[in-house]
Amino acid sequence: MTRPLLIEIGTEELPPKALTRLSEALVSELRDGLAEARLEHGGLRGFATPRRLAVRIDELAERQPEAHLERLGPTVSAGFDADGKPTPAALGFARSCGLEDPAQLEQVATDKGPRLCFRELRPGASTAELLPELVAKALHALPIPRRMRWGASRVEFVRPIHWVVLLFGTEVVTAEILGVRSGRTTRGHRVHAPAELTLTSPESYEDQLRDAFVMADFAVRREAIRERAQALAARAGGRALIDADLLDEVTALNEWPVPLLGRFDEHFLAVPREALISSMQSHQKYFPVAAADGALLPLFIAVANIESRQPELVIAGNERVIRPRFADASFFYNTDLKTSLAAHRNRLRTIVYQQQLGSLFDKTERMARLAARLAPLVGADPAPAVRAPELSKSDLVSAMVGEFGELQGTMGRYYARHD
């Protein structure tokens, strides 16, 4: 007999950049645990939202199969003396097998002659008995670099645990997992459906959570965000620039994602696009919007974790947040343009590159001398070949790179063109 099993660990908000890794690891650890416990099963499917890690296992056997055990002992000649009485070797082997009388042992033929043998048909343990330890072991093996404690408990996990679901078919497997008693109640969306939700079966898990404003499947939620964001951008005459890592992070931050289209002042487009994109993606978790020719549009897509009755207020709030970010970027950029890269280069003298190798200025000097030697060998003009490495590190001391470190080199190109 088989039944589906649902395991759900309800927590406070999980770290978004680690969510997929934790979910995949939980599925993998449970699969290995089932194999080690000799429990036959169907497919495993993981679910992950900011507040939960869950796995559904199809067609899980209700018991382990029977185990046929066989242990070989001493040879018959060593186990019994000439009078047929058991020797200490036979008595010791029988006791190790749980038998009082060596006569209960069988004799089997082997390459070394007849030997004493113990055979036993051991019934399999029930799945319900094995699950608590199996789940606890899988959770303990998750790749969590820093575990935390909460309350007065000594239990440790990536985030405090508030509920545990262990639903085997329609029955609850009673257990205590990381200090929390298992049951069949879960939680819906924090705002839209904060009350406890009673799960009826593992099969109904996704539908019941969706009715409670939670999209439990990470991949489904991810695709919904991508499709809706692109649809919003298309209606505005553009396309959303969706970075895969950012899409994963946004998916991990939302249980009921609602993409919204916001706008910013067009004069900010005078700032290099990379700076605007970096600000939108890194700081605000927004998706930029570009025209067909690749030029940025004064638009962005934010993803809210709530279906507001007044979405215009949510959009306005996001627009207010991004305005000072762009104002800072514009100020840094315009400030940097007042000083040439050549003038910036002198400031590199104060930055140590490596103790024995001197400053960053010294590094550019060595690079320039190397370029002067190599340029004639490849038929290049020595003057620009030398000038390029001389200026190559100057943007490191610019205000823009000081704020957006990932733009080093990129901003140097803009400043070099300006100069």
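Whatever comes next refers back to the structure up there.
Remember, it's a predicted structure, so these values are computed and weren't measured experimentally.

## Some thoughts on the environment of arginine 187
Relative to the assigned elements, arginine 187 resides in strand E11 (residues 185-187). On the accessibility criterion, arginine 187 (18% relative accessible area) is buried. Excluding residues within four positions of it along the chain, arginine 187 makes contact with Arg51, Arg52, His162, Trp163, Pro194, Ala195, Glu196 and Leu209.

## Remarks on the packing of aromatic side chains
Applying the stated criterion to the full structure yields seven aromatic pairs. Each ring, one from tyrosine 286 and one from phenylalanine 300, has its centre 4.5 Å from the other, and the planes form 15°; the classification is stacked. Remark: phenylalanine 300 occurs in strand E16 (residues 296-304) and tyrosine 286 occurs in the loop between helix H8 (273-283) and strand E15 (287-290); sequence separation between them is 14 residues. You'll find tyrosine 286 and phenylalanine 300 in the same group, each marked buried.

## Comments concerning the pairing of strand E2 (residues 44-49)
As judged from the six bridges shared by E2 and strand E3 (residues 52-61), these two strands associate in the antiparallel manner. Across the sheet, the residue bridging to leucine 44 is isoleucine 57, located in E3. The hairpin turn running from E2 into E3, its antiparallel successor, is two residues long.

## Points about the pattern of salt bridges
A side chain with one charge may pair with a side chain of the opposite charge, provided their charged atoms come close. Counted according to the given criterion, the structure contains 18 salt bridges. Its salt-bridge partner being glutamate 390, residue arginine 387 comes within 3.2 Å of it at the nearest N-O pair. With arginine 387 and glutamate 390 both in helix H12 (residues 382-391) and three residues apart, the pair spans about one turn of that helix. Owing to a relative accessible area of 38%, arginine 387 belongs among the partly exposed residues under this scheme.

## Re the sheet that holds strand E14 (residues 258-263)
Here we have four strands laid out as an open sheet, ordered E13-E15-E16-E14, and antiparallel in their pairing. Strands with a single pairing partner mark the edges of an open sheet, and in this sheet they are strand E13 (239-240) and E14. Bridging between E15 and E16 involves three bridges; their strand directions are antiparallel. Counterpart to proline 288 in the pairing with E16 is phenylalanine 300.

## Overview of the side chain of threonine 127
When you line up the elements, threonine 127 lands in helix H4 (residues 127-140). At 3.5 Å, the side chain of threonine 127 and the backbone nitrogen of arginine 63 are in polar contact. In contact with threonine 127, other than residues within four places in its own chain, are Leu39, Leu60, Ala61, Glu62, Arg63 and Phe168.

## Let's talk about the sheet that holds strand E4 (residues 67-75)
Spatially, E4-E6-E5 is the arrangement adopted by the three strands of the open sheet, whose pairing is antiparallel. Two strands lie at the open edges of the sheet, namely E4 and strand E5 (106-108), each paired on one side alone. Across the sheet, the mean angle from the axis of one strand to that of its neighbour is 40°, orientation sign disregarded. Bridge count for E4 against strand E6 (residues 115-122) is seven bridges, and the pairing is antiparallel. Across the sheet, residue histidine 68 finds its bridge partner in E6, namely leucine 121. Across the sheet, helix H3 (residues 88-96) touches E4 and E6, and the angle it forms with E4 is around 165°.

## Digging into a nonpolar patch on the surface
Taken together, the side chains of Leu370, Leu374, Leu377 and Val378 define a hydrophobic patch exposed on the protein surface, amounting to about 450 Å² of accessible area. Along the chain, the position of leucine 374 falls in helix H11 (residues 360-374). Note on leucine 374: relative accessible area 44%, which makes it partly exposed.

## Topic: the packing of helix H1 (residues 19-36) against H4
Between H1 and H4, the least distance of the axes is 9 Å, while the angle of their chain directions is 140°. In terms of orientation, H1 lies oblique with respect to H4. Judged by the sense of rotation from one axis to the other, the crossing of H1 with H4 is right-handed. Residues Leu26, Glu29, Leu30, Gly33, Leu34 and Glu36 of H1 form the contact with H4, whose own contacting residues are Leu134, Val135, Lys137, Ala138 and Leu139.

Analysis parameters
- Residues numbered from 1 in each chain as written.
- Predicted model: local features only at pLDDT ≥ 70, side-chain atom pairs only at ≥ 80, totals over all residues.
- Heavy atoms only, no water.
- Helix = DSSP H or I, 4+ residues; strand = E, 2+ residues; numbered from the N terminus.
- Buried < 20%, exposed > 50% of the residue type's maximum accessible area, 1.4 Å probe, protein only.
- Contact = heavy atoms within 4.5 Å.
- Phe/Tyr/Trp six-rings, centres within 6.5 Å; stacked < 30°, edge-to-face > 60°.
- Pairing = 2+ DSSP bridges.
- Salt bridge = Lys/Arg side-chain N within 4 Å of Asp/Glu carboxyl O.
- Polar contact = N/O pair within 3.5 Å; in protein donor to acceptor, adjacent residues only side chain to side chain.
- Axes fitted to C-alpha atoms, helices over the stretch in contact; angles between N-to-C directions.
- Patch = residues over 30% accessible without salt bridge, like charges linked within 9 Å, V, L, I, M, F, W, Y side chains within 5 Å.
- Areas by Shrake-Rupley, 256 points an atom, 1.4 Å probe, with all protein chains shown as cover.
- Parallel < 35°, antiparallel > 145°, perpendicular 65-115°, else oblique.
- Left-handed = near helix turned anticlockwise from the far one by under 90°.

The values are spatial; any link to function lies outside them.
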